[in-house]
Amino acid sequence: MARKRRIAYRKKQQNRFSMFLATLVVVMILVLVGVQSAELRDKIDSKRAEAAQLDEEIAAEETRALEIEALGKEVQTKGYIENVAREKLGLVYEDEILFKQDK
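Since we're looking at a predicted model, the values are computed, not measured.

Student: Sorry if this is basic, but what is going on with the overall build of the chain here?
Tutor: If you tally the helices and strands in the chain, you get two helices and zero strands. By principal-axis analysis of the C-alpha atoms, the chain measures approximately 135 × 30 × 10 Å. The 103 residues of the chain split such that 1% are buried. Accessible area for the chain stands at about 10,400 Å²; split by element, carbon and sulfur atoms hold 60% of it. Positive and negative side-chain charges in the chain, numbering 19 and 18 respectively, have mean positions lying 38 Å apart.

Student: Would you explain the pattern of salt bridges in this entry?
Tutor: Pairs can form between side chains of opposite charge whenever their charged atoms are close. What the rule picks out here adds up to two salt bridges. Between Glu61 and Arg64 there is a salt bridge, and its shortest N-O distance comes to 3.4 Å. With Glu61 and Arg64 both in helix α1 (residues 2–75) and three residues apart, the pair spans about one turn of that helix. What makes Glu61 partly exposed here is its relative accessible area of 47%. Here Lys73 ties to Glu69 by a salt bridge, and the two come within 3.7 Å at their closest N and O atoms. Taken together, the residues Lys73 and Glu69, both in helix α1 and four residues apart, mark about one turn of the helix. Residue Lys73 is classed as exposed on the basis of its relative accessible area of 54%.

Student: What's the story with a nonpolar patch on the surface in this structure? I'm lost.
Tutor: Residues Phe17, Phe20, Leu21, Leu24 and Met28 make up a contiguous nonpolar surface patch of roughly 510 Å² in combined accessible area. Looking at where Phe17 falls in the secondary structure, it is placed in helix α1.

Student: Sorry if this is basic, but what is going on with the environment of Gln13 here?
Tutor: Along the chain, Gln13 falls in helix α1. The class for Gln13 is partly exposed, based on a relative accessible area of 40%. With 71 residues separating them in the primary sequence, Gln13 and Val84 have C-alpha atoms 98 Å apart.

Student: So what exactly am I meant to see when it comes to the environment of Met19 here?
Tutor: Residue placement: Met19 occurs in helix α1. With 29 residues separating them in the primary sequence, Met19 and Arg48 have C-alpha atoms 43 Å apart.

Here is what the cut-offs are and how they apply
Residues numbered from 1 in each chain as written. Predicted model: local features only at pLDDT ≥ 70, side-chain atom pairs only at ≥ 80, totals over all residues. Heavy atoms only, no water. Helix = DSSP H or I, 4+ residues; strand = E, 2+ residues; numbered from the N terminus. Buried < 20%, exposed > 50% of the residue type's maximum accessible area, 1.4 Å probe, protein only. Areas by Shrake-Rupley, 256 points an atom, 1.4 Å probe, with all protein chains shown as cover. Lys, Arg positive; Asp, Glu negative; His and termini not counted. Charge placed at Lys NZ, Arg CZ, Asp CG, Glu CD. Salt bridge = Lys/Arg side-chain N within 4 Å of Asp/Glu carboxyl O. Patch = residues over 30% accessible without salt bridge, like charges linked within 9 Å, V, L, I, M, F, W, Y side chains within 5 Å.

Everything listed here is a matter of geometry and, on its own, says nothing about what the molecule does.
So, in structure tokens, the structure goes:
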């Protein structure tokens, strides 16, 4: 009878120790999952910020492309060509007279 009690007591302690180890393993897994999820959330936040910045850059480049297109159309006009020829190259029409002011 005493032997049966010792065996039962020993099995009870082994069961408690096994449950403690199983609980410890589960807690460790939960901690690891929590840490990994926090790291992934940080990565997601940084990628979202990067995507927002890239969207802003795309919008700025689209605006710039429209400005360049408008300038390209303006450059091809006769009035623009005449203004550049007059201001930067100093050209005039054959029958035109230039008056310059003394400083």
